[in-house]
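Examination of the molecular architecture
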Amino acid sequence: MKKIFCLVSLIFSLQGFTQNELQIPPTVTTSTVDLNIQTGNVNFYNNIPTPTFGINGPILAPTIVAHKGDNMLINVTNGLPVTTTIHWHGLHVSSMNDGGPHQKILAGAIWSPAFEVLNNAGTFWYHPHGEGKTDLHVSRGIAGMFIIHDAVEATLNVPLTYGVDDIPLVVQSKAFDQFQHIAISTEMDTSIMVNGTIDPFLNAPSQVVRFRLLNGSSMRAYNFGFSNGMSFYQITTDGGYIATPIQLTRLLMAPGERVDILVDLTTFTGQSFDLMSYASEMPLGIYGSTMVGTAPDTIPGYSLNPLNGIDFPILHVNVGAQTTTPVPITTIPSQLVPYVPYNAQDATVNRLLVFDTITTGLGMEPNLAEGQFGINGTVFNMDSINIRIPLNSTEIWTLQNKTHVAHPFHIHDIQFNVIEKNGTIPSASETGWKDVILVMPHDSVKFITKFTDFADDVTPYMYHCHLLHHEDDGMMGSFIVFDSTNSILDLGNENNFVKVFPNPTNDAVNIVLKIDLKIDAIQVVNMNGKVEKMISDIEMNQTTYSMDIRSLKEGIYLLKVISDKGVEIIKVQKI
Ligand code: C2O
Ligand code: CU
């Protein structure tokens with residue numbers, strides 16, 4: 001771990017200068033969206049340009065505003081010199097449209113996912129998800145909100161005028177090196193910014209104002225509260241509205257989580273206060289608290305970061321006059337959106353995911369606070385599927401954390417209901433639809449969910465730790481949702497590039513290339529994603545291969561042909 005940091009940025013952020021008006025990302029409200037990923041420069045400090053990545057601008061990304069039922073077409077053009085991906089965090093879309101590590105967008109290429117918006121109203125977001133590159137690309141600047149509205153929300157008396165009484169707050173910490181370049185894999189994330197603005201202030205009207213809080217940081221959690229001691233009201237969890245507002249004075253949010261809160265500023269005209277992180281009160285073991293782990297299993301350099309375990313300002317708020325338009329909202333609603341959680345009685349599958357250190361991979365000794373971490377003893381592998389889930393399966397997942405650091409677990413595709421945290425029911429703030437849940441050290445969490453729609457035997461979804469450095473180091477797994485009614489016996493003998501025969505077979509399977517391909521490997525993978533057989537010793541210009549599968553048990557396997565033109569997958573039956 002490098003420990004380079006900029007003293008100037010440190011002093012500025014600690015003194016809480018509040019000199020920059022909070023930037024509000026522009027919106028895109030059409031259902032066809034053009035996103036141009038680009039390199040840029042931002043003068044964060046002292047007019048020294050910092051190289052950044054952004055979408056349709058030098059940093060961050062426009063806020064996409066959509067309605068439930070909209071048919072989106074998103075043209076993502078990668079103007080970076082490197083491969084990246086864009087993932088719609090929290091959205092229920094097919095795995096092909098999900099933007100995980102398998103939906104690579106090469107430098108200069110355009111990726112055009114198209115999907116219907118199926119989620120309920122809420123605050124979602126989008127960010128890169130390239131294999132091993134999530135932290136770098138997010139830290140460099142790419143992240144945007146994806147706000148969904150729906151008809152139920154339209155009946156509520158809540159602030160919905162973007163940038164006026166409905167304020168997006170993308171809260172991030174970043175590390176800068178001595179050249180004012182954004183650094184990753186350092187514990188010196190000493191610069192706090194909101195919507196890419198350092199030391200921001202917001203002029204807010206004296207009425208009920210909504211803050212859409214997104215913790216878009218790579219590692220840091222925040223324990224939000226206000227310097228004037230006022231309460232605020234939580235109205236959503238990750239997946240949308242909760243049934244009734246929850247009155248709070250503190251709100252802990254881990255990376256990846258979103259919570260919309262209402263603040264009643266009607267009696268505060270002319271006053272100022274700060275949105276703070278009260279990290280001194282944060283439970284130990286969470287990145288951002290006083291301490292993570294116990295010696296010798298602590299994060300090296302962690303205690304040198306002056307933000308860890310102290311209370312610091314995030315956004316200065318000056319309260320001005322009420323708005324005329326929109327008509328000010330001056331009361332906190334008593335009811336929001338009732339919802340029906342999943343019923344544990346309907347669950348037919350239980351799965352256990354254990355978070356622990358592992359020894360493979362980076363070649364360093366594992367440390368219970370620092371990693372390297374894996375899930376169920378393994379690290380992420382692009383070519384294997386860790387979990388196969390039958391379509392429409394209702395499942396209870398238990399997340400067990402055997403390490404010294406809290407991990408925010410995130411799963412793609414679905415929203416879940418937390419049913420147990422450390423053996424008891426979760427707090428009201430974590431009761432509702434969630435797609436990220438913080439699992440404390442040596443603790444466990446149970447959630448229930450259902451995998452509806454989007455069966456695809458081949459393209460996986462991800463689940464992972466949303467501490468981006470853990471994710472990139474392999475604390476991630478993949479799952480597919482399969483439809484047993486039509487997929488398992490559908491044996492193909494031909495794909496675009498290859499022909500396979502005989503199939504079914506009891507001894508060997510022959511593979512003939514139909515076009516000119518550069519083969520990297522040919523694998524036979526079982527239904528749990530384990531590679532059973534493989535040919536990796538490939539000769540140039542060889543166009544036919546034979547794979548001996550006599551040693552395999554009877555059943556269905558996937559034959560994967562990995563080539564320069566992509567990966568072809570054919571189901572093969574051993575008889
Ligand atoms: Cu926000 Cu898989 O990520
Ligand atoms: Cu983690």
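None of these values were measured; they are calculated from a predicted model.

Considering the overall build of the protein
Within the protein, the regular secondary structure consists of 3 helices and 43 strands. The globule rule puts the C-alpha radius of gyration for 575 residues at 25 Å, and the 24 Å found for the protein is close to it. Taken along its principal axes, the extent of the C-alpha atoms in the protein is 80 × 50 × 45 Å. Counting across all 575 residues of the protein, residues that qualify as buried make up 58%. Long-range contacts, defined here as pairs at least 24 residues apart, represent 73% of the contacts in the protein between residues at least 6 apart. Summing over all exposed atoms, the protein offers an accessible surface of approximately 21,700 Å²; the carbon and sulfur share of this is 52%.

Structural notes on the sheet that holds strand S38 (residues 508-513)
Spatial ordering of the open sheet is given by S37-S38-S41, a layout of 3 strands whose pairing is antiparallel. With partners counted over all chains shown, the strands left at the sheet margins are strand S37 (498-501) and strand S41 (544-548), one partner each. For this sheet, the mean inter-axis angle between neighbouring strands, taken without regard to orientation, is 20 degrees. Bridge analysis of S37 against S38 gives 4 bridges, and the strand direction is antiparallel. The residue bridging Val498 from the neighbouring strand is Leu513, located in S38.

Observations regarding the coordination of the copper ion (ligand 2)
Here the copper ion (ligand 2) is held by His407 (ND1), Cys465 (SG) and His470 (ND1), and the distances to it run 2.0 to 2.1 Å. Sequence positions of the donors to the copper ion (ligand 2) reduce to the motif H-x57-C-x4-H. With His407 in strand S31 (residues 407-411) and His470 in helix H3 (residues 468-472), this residue pair connects regions lying 63 residues apart in the sequence. Taken as a pair, His407 and His470 share a single burial class, namely buried.

A word on the domain arrangement of the protein
What the domain assignment reports for the protein is domain 1 (31-154), domain 2 (156-336), domain 3 (344-486) and domain 4 (498-574). For domain 1 versus domain 4, the distance between C-alpha centres works out to 35 Å.

Side note on the nonpolar core
With 52 residues, the main nonpolar core has Leu169, Phe211 and Ile314 as its most contacted residues. Taken domain by domain, this core gets at least three of its residues from each of domain 2 (156-336) and domain 3 (344-486). In this structure, Tyr287, Phe373, Val439 and Tyr463 belong to the second largest nonpolar core, which totals 32 residues.

As for the packing of aromatic side chains
Inspection of every chain in the model, using the stated rule, returns 26 aromatic pairs. Ring pairs connect the aromatic residues Phe355, Trp397, Phe409, Phe416, Phe447, Phe451, Tyr461, Tyr463 and Phe479, which therefore count as one cluster. Here the basic side chain of Arg388 rests over the ring of Phe482, its NZ or CZ set 4.2 Å away from the ring centre.

Overview of the pattern of salt bridges
Close approach of charged atoms allows side chains of opposite charge to pair. Within the structure shown, the criterion is met by 15 salt bridges. We note a salt bridge from Asp435 to Arg258, for which the minimum N-O separation is 2.7 Å. One end of the pair, Asp435, is in the loop between strand S32 (417-421) and strand S33 (436-439); the other, Arg258, is in strand S22 (residues 258-264), with 177 residues separating them in the sequence. When its relative accessible area of 0% is taken as the criterion, Asp435 is described as buried. Of the residues examined, Arg258 reaches a relative accessible area of 0% and is grouped as buried. We note a salt bridge from Asp548 to Arg550, for which the minimum N-O separation is 2.7 Å.

Some thoughts on the pairing of strand S34 (residues 444-450)
When strand S30 (residues 394-401) meets S34, the two strands line up antiparallel, connected through 7 bridges. Bridging across to S34, Thr398 finds its partner in Lys446.

Description of the environment of Gln573
Note that Gln573 resides in strand S43 (residues 566-574). In sequence terms Gln573 and Ile556 are 17 residues apart; their C-alpha atoms lie 4.5 Å from each other.

Description of unusual backbone geometry
Put simply, Ala295 and Pro296 share a cis peptide bond, and its omega is 0 degrees. Relative to the elements of secondary structure, Pro296 occurs in the loop between strand S24 (293-294) and strand S25 (297-298). Its identity is not glycine, yet His442 carries a phi of approximately 55 degrees, on the positive side. Its place among the elements puts His442 in the loop between S33 and S34.

What to know about the sheet that holds strand S29 (residues 387-390)
Sheet strands associate in pairs through backbone hydrogen bonding, adopting either a parallel or an antiparallel arrangement. Across the sheet, 5 strands lie side by side as S29-S36-S35-S31-S33; this open sheet has mixed pairing. Edge strands, defined here as strands with exactly one partner in the open sheet, are S29 and S33. Taken over all neighbouring pairs, the strand axes of this sheet differ in orientation by 25 degrees on average, direction set aside. In the sheet, S31 pairs with strand S35 (residues 461-465) via 3 bridges, with the strands oriented antiparallel. Paired with His410 across the strands is His464, a residue of S35.

Details of the environment of Met547
Within the fold, Met547 resides in strand S41. Considering only alpha carbons, one finds Met547 and Ile535, 12 residues apart in sequence, at a separation of 7.6 Å. The contacts of Met547, once residues within four sequence positions are left out, are Asp507, Ala508, Val509, Ile511, Ile522, Gln523, Val524, Lys533, Met534, Ile535 and Leu559.

The rules behind the values
- Residues numbered from 1 in each chain as written.
- Chains lettered and ligands numbered in written order.
- Predicted model: local features only at pLDDT ≥ 70, side-chain atom pairs only at ≥ 80, totals over all residues.
- Heavy atoms only, no water.
- Helix = DSSP H or I, 4+ residues; strand = E, 2+ residues; numbered from the N terminus.
- Rg over C-alpha atoms; globule rule 2.2 N^0.38 Å.
- Buried < 20%, exposed > 50% of the residue type's maximum accessible area, 1.4 Å probe, protein only.
- Contact = heavy atoms within 4.5 Å.
- Areas by Shrake-Rupley, 256 points an atom, 1.4 Å probe, with all protein chains shown as cover.
- Pairing = 2+ DSSP bridges.
- Axes fitted to C-alpha atoms, helices over the stretch in contact; angles between N-to-C directions.
- Donors = N, O, S within 2.8 Å, 3.2 Å for Na, K, Ca; no water.
- Domains from an automatic or database assignment.
- Core = buried A, V, L, I, M, F, W, Y, C linked by side-chain atoms within 4.5 Å.
- Phe/Tyr/Trp six-rings, centres within 6.5 Å; stacked < 30°, edge-to-face > 60°.
- Lys NZ or Arg CZ within 6 Å of the ring centre and 35° of its normal.
- Salt bridge = Lys/Arg side-chain N within 4 Å of Asp/Glu carboxyl O.

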